[in-house]
Amino acid sequence: MNTPVLYIVIPCYNEEEMLPITAKRLIELTDDMRAKAMISEKSRIVLVDDGSKDNTWQVISSLHSRYERFEGVKLAHNAGHMNALWAGMTMAAPKCDCIISIDADLQDDVNAMYGFLQEYQKGADVVCGVRSSRAKDTVFKRTTAQGFYKLMNKLGVEMVYNHADYRLLSKRALEALLSFGEVNMFLRGMVPLLGFKTAVVEYERGVRVAGESKYPLKKMVAFAIEGITSFTNKPIRYVTLTGILCSVLGLAMAIYVLVSLFGGHSVAGWASLMMSIWLLGGLNLVALGLIGEYIGKIYMETKRRPKFILEEYLRHE
Ligand code: UDP
Ligand code: MG
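Draft legend 1. Inspection of the site of ligand 1 at higher detail. Taken together, 19 residues surround ligand 1, and among them Glu-15, Asp-50, Asp-105, Ser-213 and Lys-214 come closest. One of the backbone nitrogen or oxygen atoms of Pro-11 is found 2.7 Å away from an oxygen atom of ligand 1. Within the contact set of ligand 1, an oxygen atom lies 2.8 Å away from a backbone nitrogen or oxygen of Tyr-13. In isolation ligand 1 exposes 540 Å². Once the protein is present, 94% of that is buried. A majority-of-atoms criterion places ligand 1 in the largest pocket. Partitioned by chemical class, the residues of the shell around ligand 1 number five nonpolar, five polar and nine charged.

Take a look at the structure:
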């Protein structure tokens, strides 16, 4: 068994209260992993300061000067959770054998990392942490989050149920992920696109012990919209379908209107108005949907996603 160089990447936004607790916990954890020869001495913990307004950076730099295993990355402004994670992964990629991303609040049980590493040793390139229960989340957070996973699946986006951004990526999976050219990033949708061997490790999600959630409702809604619009054109398709439906209804309406007109049951002007409203409304929607379809194509093109991700290449030199 080889001992991999593990980089743990943590995005931190206004986490001055949480970081000392997190750091202590991670020092114990990595000490234990080193003692058990699960990870190499060269393993590091990368703390990414996502443009915090509090003393997060001071905490990070003092950890860095006190311990060899801590690295600090400071972003010039608040780039958001996903971008901060991306920054940390970019820094870690050249030096690591695998990375684990986890939130600064350690709501996701760090002990699951043992399981991650075992799966990695068994050959998995991607190991997703999955919450076995959300009992400790508020009812609101739980229902909205689960509704979101269901909606995404309906829209055809492949996502691991109840998996957030707590995961292990092997070096090659990480490099493949980093080769995605898109700016609108929704990592939990992108990781399944990699297609490498994926394992799942379950854990209990705890509560945040210090500081507040950096995801108020406003950010959650923005995140959900980001997830949908970064991954699928289906909403546009629904516009087109509604348009077609309206047109069909419009035709039925036209027949009804004409029958009423010739039966003498209508007021002057009614027939022409009704028919124009329905038929033109339907046509308008179809036309909008059609334009949308083309914009959707342009949108997919601009993502510049890799056309394939190589898993193996057998050849003779
Ligand atoms: N975070 C970040 N930038 C932001 C918002 C959040 O880097 O703009 C980090 C935050 O420090 C934490 C992680 O993203 O490490 C998840 O945030 P939080 O725990 O507040 O979210 P929740 O668990 O409530 O969904
Ligand atoms: Mg949290």
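Once you've had a look at it, read on.
Draft legend 2. Here's a closer look at helix α9 (residues 234-262). Compared with an ideal rise of 1.5 Å per residue, which puts 29 residues at 42 Å, α9 spans 42 Å between its outermost C-alpha atoms and is within 8% of the ideal. Of all the positions in α9, only Thr-240, Gly-243, Ser-247, Gly-250, Met-253, Ala-254, Val-257 and Ser-260 are classed as buried. Directly after α9, the chain includes Gly-264, whose backbone phi takes a positive value near 80 degrees.

Draft legend 3. Quick look at the side chain of Glu-15. Note on placement: Glu-15 falls in the loop between β1 (6-12) and α1 (19-35). Excluding anything up to four places from it in sequence, Glu-15 contacts Asp-54, Thr-56, Ala-104, Arg-208 and Lys-214.

Draft legend 4. Inspection of the coordination of the magnesium ion (ligand 2) at higher detail. The protein atoms that coordinate the magnesium ion (ligand 2) are Asp-105 (OD) and Gln-107 (OE1), at distances spanning 1.8 to 1.9 Å. In terms of burial, Asp-105 and Gln-107 fall into one category: buried.

Draft legend 5. Geometry of the packing of helix α5 (residues 139-154) against helix α8 (residues 217-229). Between α5 and α8, the shortest axis-to-axis distance is 11 Å and the interhelical angle comes to 10 degrees. As summarised for this structure, α5 and α8 are arranged roughly parallel, according to the angle between their axes. Across the interface between the two elements, Phe-140, Lys-141, Thr-144, Phe-148, Leu-151 and Met-152 of α5 pack against Leu-217, Met-220, Ala-224, Gly-227 and Ile-228 of α8. Among the residues making up the contact of α5 with α8, the classes are represented as eight nonpolar, two polar and one charged.

Draft legend 6. View of the side chain of Asp-103. Mapped onto the elements, Asp-103 comes out in the loop between β4 (98-101) and α4 (112-121). No salt bridge forms around the buried Asp-103; measuring N to O, its nearest opposite-charge neighbour Arg-205 is 5.0 Å away. Only 3.3 Å separates the side chain of Asp-103 from the side chain of His-81, close enough to count as a polar contact. Sequence-distant contacts of Asp-103, that is, excluding residues within four places in its chain, are made with Ile-10, His-81 and Asp-108.

Draft legend 7. Here's a closer look at helix α2 (residues 56-66). The set of residues buried in α2 consists of Thr-56, Val-59, Ile-60 and Leu-63. In a view along the axis of α2, the buried residues occupy a sector of 95 degrees, so they form one face of it. Looking at the packing, one finds that the buried side of α2 touches β1, α1, β2 (44-50) and β3 (70-75).

Draft legend 8. Layout of the environment of Met-113. By the element assignment, Met-113 lies in helix α4. Taking relative accessible area as the criterion, Met-113 reaches 0% and is therefore assigned buried. Separated by 105 residues in sequence, Met-113 and Ile-8 place their C-alpha atoms 10.0 Å apart. In this structure, Met-113 is in contact with Ile-8, Leu-26, Leu-29, Met-33, Ile-100, Ile-102 and Tyr-166, ignoring residues within four places of it in sequence.

Draft legend 9. Looking closely at the layout of surface pockets. Volume-wise, the largest pocket comes out at about 1300 Å³. Lining the largest pocket are 47 residues, with His-81, Lys-141, Tyr-215, Met-220 and Phe-223 sitting closest to its centre. Those elements that place two or more of their residues in the lining of the largest pocket are β1, α3 (81-92), α5, β6 (163-170) and α8. Tallying contributions element by element places α8 first for the lining of the largest pocket, with eight residues. When the residues that make up the lining of the largest pocket are grouped by side-chain class, the tally is 22 nonpolar, nine polar and 16 charged. As a volume, the second largest pocket reaches approximately 160 Å³. For the second largest pocket, the full set of lining residues is Met-18, Ile-21, Thr-22, Arg-25, Asp-105, Leu-106, Asp-108, Asp-109, Val-110, Val-207 and Val-209.

Draft legend 10. Structural view of the sheet that holds β3. Strand order across the open sheet formed by seven strands is β3-β2-β1-β4-β6-β5-β7, with mixed pairing between neighbours. Of all strands in the sheet, those bounded by a partner on one side alone are β3 and β7 (198-204). Along the sheet, successive strands turn relative to each other by an average axial angle of 25 degrees, direction set aside. Taken together, the six bridges between β1 and β2 define a ladder with parallel strand orientation. Bridged to Ile-8 within β2 is Ile-45. Running at roughly 40 degrees to β6, α4 makes contact with β1, β4, β5 (126-133), β6 and β7 of the sheet. Against the sheet, helix α6 (residues 171-178) contacts β4, β5 and β6, and its axis sits at roughly 115 degrees relative to β6.

What counts as what
- Residues numbered from 1 in each chain as written.
- Chains lettered and ligands numbered in written order.
- Predicted model: local features only at pLDDT ≥ 70, side-chain atom pairs only at ≥ 80, totals over all residues.
- Heavy atoms only, no water.
- Near = heavy atom within 4 Å.
- Polar contact = N/O pair within 3.5 Å; in protein donor to acceptor, adjacent residues only side chain to side chain.
- Areas by Shrake-Rupley, 256 points an atom, 1.4 Å probe, with all protein chains shown as cover.
- 1 Å grid on protein atoms, 1.4 Å probe; cavity = no way out; pocket = protein on both sides within 12 Å on 5 of 7 lines; lining within 4 Å.
- Sits in = over half its atoms within 2 Å of the grid points.
- Nonpolar A, V, L, I, M, F, W, Y, C, P; charged D, E, K, R; others polar.
- Helix = DSSP H or I, 4+ residues; strand = E, 2+ residues; numbered from the N terminus.
- Expected span 1.5 Å × (residues − 1).
- Buried < 20%, exposed > 50% of the residue type's maximum accessible area, 1.4 Å probe, protein only.
- Contact = heavy atoms within 4.5 Å.
- Donors = N, O, S within 2.8 Å, 3.2 Å for Na, K, Ca; no water.
- Axes fitted to C-alpha atoms, helices over the stretch in contact; angles between N-to-C directions.
- Parallel < 35°, antiparallel > 145°, perpendicular 65-115°, else oblique.
- Lys, Arg positive; Asp, Glu negative; His and termini not counted.
- Salt bridge = Lys/Arg side-chain N within 4 Å of Asp/Glu carboxyl O.
- Arc of directions from axis to C-beta.
- Points joined across faces, edges and corners; volume = space filled by probe spheres on them.
- Pairing = 2+ DSSP bridges.

Everything listed here is a matter of coordinates, which is why it stays silent on function.
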